[in-house]
Each structure stands twice: as C-alpha cells, then as structure tokens.
Amino acid sequence: MTQPRKTLIDLNQTSYYHCIARCVRRAFLCGEDAFSGKNYEHRKDWVIERLSLLADTFAIDVASYAVMSNHYHLVLRVDIEKAEQWSESNVIRRWKRLYKIPLIVNRYLKGNASPALTQMAQELITEWRQRLTDISWFMRCLNEYLARKANLEDQCTGRFWEGRFKSQALLDEAAVVTAMAYVDLNPIRANLASTPEDSDYTSVKQRVRSKDKGSSSRNVKLMKLTQSSNATHRHGFNVTETDYLELVEYSGRAIRCDKRGYIPSNHPPILERLNLEPDGFLELIQRDDNIAGLRAVGSPSALTHLLDSLDQRFIKGVGISNRLYSS
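Everything quoted here is computed from the prediction, not taken from an experiment. (Residues numbered from 1 in each chain as written. Predicted model: local features only at pLDDT ≥ 70, side-chain atom pairs only at ≥ 80, totals over all residues. Heavy atoms only, no water.)

Caption draft 1: A look at the overall build of the protein. Counting secondary structure elements, the protein contains 15 helices and five strands. Counting the 327 residues in the protein, one finds 51% classified as buried. Pairs at least 24 apart in sequence give 69% of the contacts found in the protein among residues at least 6 apart. When the accessible surface of the protein is summed, it comes to about 16600 Å², and 48% of that surface belongs to carbon and sulfur atoms. (Helix = DSSP H or I, 4+ residues; strand = E, 2+ residues; numbered from the N terminus. Buried < 20%, exposed > 50% of the residue type's maximum accessible area, 1.4 Å probe, protein only. Contact = heavy atoms within 4.5 Å. Areas by Shrake-Rupley, 256 points an atom, 1.4 Å probe, with all protein chains shown as cover.)

Have a look at this one:
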C-alpha cells in the first residue's frame, strides 16, 4: 500500500535517505535511444549541474549519486542543525538562487516595511529555512527543472518522470555505506563501465578524480568521509574515503567476475568494522530486484525500532537484514 511521504521521510528515525527518480515509461530520455536513434547524453550534464547548485544551496549533503540513461540515484543526508545556524540574509540569498524573492521580503530587507509586512516576511523566511532542509523540495527543484528543460528541447509537453521520486530510509552506518556502494556501482551492473573510476556521472568517479589536482570539471559538493572524530559530522560515520573506495573496488571486482560471495584475502577491513557479513553484503548489492524496492535498510534492531514507531508488524527487507549483519 502506498505510504504518505511524511511517514517515509522521518528525520527522527534517520538523516540519511536513498532517493530514486525514473523517466516515464523507463524511456532513455537521458541516454541514447536505440529505437529513435537520438542521443540525449548531454542531459546527464544537466543533472550534474543542477545537483551541484542544489547541494550548495540546501542544507542537504549528497553522499553519493549515479546518473543513468533512464533514472538516477542519490544518497542524501539532511543537516537541520546547519540550516538553523543560517542568518535570515543567508536564507534569502540561498532561496533567491532558485526562486524570485517577493516584494514583501525586499521591503523588509530595506527596512521600510510595516509591522504587519515585517511579520509576513519573517514567516516566509522561516518557511524557506524549513524547505531548504526538506528532501521533497530538493527533489522537486531537481526534477521539475529537468522536466521543463527537456520538454523545451523536445518541443513537447507532458510527463518526463514516471511519478514522484522513491525514497528509502537508511537506518544506520552500515546501511548508508551499503547504499552508497550500490549507487556508485550502477554503471558496472549495467555493463556500462568496467571499473569504478571509469563509471561516468557517479560520485565514486568524482571522489577518485578529486585526487587529481589538475581536474577542472564541475563537481557536486559531496559529503566528506573522515575517520577523525574532530571532523566527523554529528550524523556522520567513521569511514575514510580510502576505505570507501576500496570497498567499492572490492564490490565491483566481485560483480564483474561473477563470483558471488568471493572474498579476496586482502578484503577491506571496513566490512568487519561495520559488522557486515561479506556474503550478505554482496547479495544485497547484486539483487536483481533492486534494493530500492526496500522501504528501509538497517540492522534487525533498527528495523524493529522503525516498525514500533510506525505501529506496523512487517516491513520488507527483514530477511536480507538478518543475512547482512553479523550477530
């Protein structure tokens, strides 16, 4: 049964979410359409450019992304504390990047607004501050922009996306890292790349490329991965970027060789630190039915807590969770 968005995205449960949006009828509207012969690869650059703007505007961090021919994946982290520290002028400046500022707020900024108009302006600014921490508004600003631009190019009207974006709660550190790796490995699973660093339009390629100081390509502002307790975000996790890249490489290598459950002798220690079973991890990222079909990913105890908060008895994904996490 379809669930309302307010129950799917609950920041009291977690700040991390895996979001997916797919083109209408799964058409290749961002890639090369073999049926029509048209190539829409340039639209992937639109996604990256817009995502870069939104990541720099919202109090929402992008942990990983992958832009495919007919869909895209994002792993996002909401940072409410960051937005609460913004001044009113900072909120207005950020909102102005996306929408036109109404006359009421302009008069308020000039200091010649009446008390009633001042109150209205302050209420608007408060509303904008809340929206800048809202995943639904983040996705709206991304999808609506892309749909309008694509329809203008095609000189047509109608839907570009098949529906509202799908979201998946990531309930703990291991779930976040697993989802990030799953997202970054999408081109490899689709046989579009042979290595993570060759996977175009993915965050893993950007993380690898960022080590090259000569790179001048426009990048999305990505969530930092660190092992330093002083630099770790309150909602962060203790994983270095090197560890994460090793994990993606290990996972990709296992998929390309089609050796389900194969664990090299030098496998990255991150699996042990996150209390993940290697076989269960490989099973999850190699699922044919797509992990996006799961409402939430997390340890058995985290899923039980989520069920209690929702007053439900069952949630899809309990079985794989038991196999994913070490006892």
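Caption draft 2: Here's a closer look at unusual backbone geometry. In this structure, Gln 155 takes a positive phi of about 55° despite not being glycine. Classification of Gln 155 by relative accessible area gives exposed; the value is 73%. Positive phi values are uncommon outside glycine, yet Asn 191 reaches one of about 60°. Topologically, Asn 191 is positioned in the loop between helix H9 (186–189) and helix H10 (203–209).

Caption draft 3: Broad picture of the state of the cysteines. In total, this model carries zero disulfides according to the counting rule given. Note on Cys 23: no disulfide assigned, nearest cysteine sulfur contributed by Cys 30 at a separation of 4.3 Å. Assessed through its relative accessible area of 0%, Cys 23 is described here as buried. (Disulfide = S-S within 2.5 Å.)

Caption draft 4: The arrangement of the pattern of salt bridges in detail. Tallied over the entire structure, the rule returns 10 salt bridges. Residues Glu 153 and Arg 43 are paired through a salt bridge, measuring 2.7 Å at the closest nitrogen-oxygen approach. Note that Glu 153 is positioned in helix H7 (residues 135–154) and Arg 43 in helix H2 (residues 42–57), a separation of 110 residues in sequence. Arg 43 gets classed as buried once you look at its relative accessible area, which sits at 1%. One salt bridge in this structure joins Arg 207 and Glu 241, with 3.1 Å as the shortest N-O distance. (Salt bridge = Lys/Arg side-chain N within 4 Å of Asp/Glu carboxyl O.)

Caption draft 5: Layout of the pairing of strand S2 (residues 60–67). Counted residue by residue, S2 has eight buried out of eight residues, so it is predominantly covered. With seven bridges joining them, S2 and strand S3 (residues 71–78) adopt antiparallel strand pairing. Bridge assignment links Ser 64 to a residue of S3, and that residue is Val 75. Taking the residues between adjacent antiparallel strands as the criterion, S2 and S3 are bridged by three residues. (Pairing = 2+ DSSP bridges.)

Caption draft 6: Geometry of the packing of helix H5 (residues 103–110) against helix H6 (residues 115–131). At a closest axis distance of 9 Å, the pairing of H5 and H6 adopts a crossing angle of 110°. The pairing of H5 with H6 is recorded here as roughly perpendicular in orientation. Packed against H5, whose contacting residues are Ile 104, Val 105, Arg 107 and Tyr 108, the element H6 presents Leu 117, Thr 118, Met 120, Ala 121, Gln 122, Leu 124, Ile 125 and Trp 128 at the interface. Residues belonging to the contact of H5 with H6 are distributed by class as follows: nine nonpolar, two polar and one charged. (Axes fitted to C-alpha atoms, helices over the stretch in contact; angles between N-to-C directions. Parallel < 35°, antiparallel > 145°, perpendicular 65-115°, else oblique. Nonpolar A, V, L, I, M, F, W, Y, C, P; charged D, E, K, R; others polar.)

Caption draft 7: Main features of the confidence of the model for the protein. Taken as a whole, the protein shows an average pLDDT of 81; of its residues, 77% reach a score of 70 or greater. Contacts for the low-pLDDT stretch residues 256–269, under 50 throughout, to residues beyond four places or in other chains number 21 contacts. (pLDDT = per-residue confidence, 0-100.)

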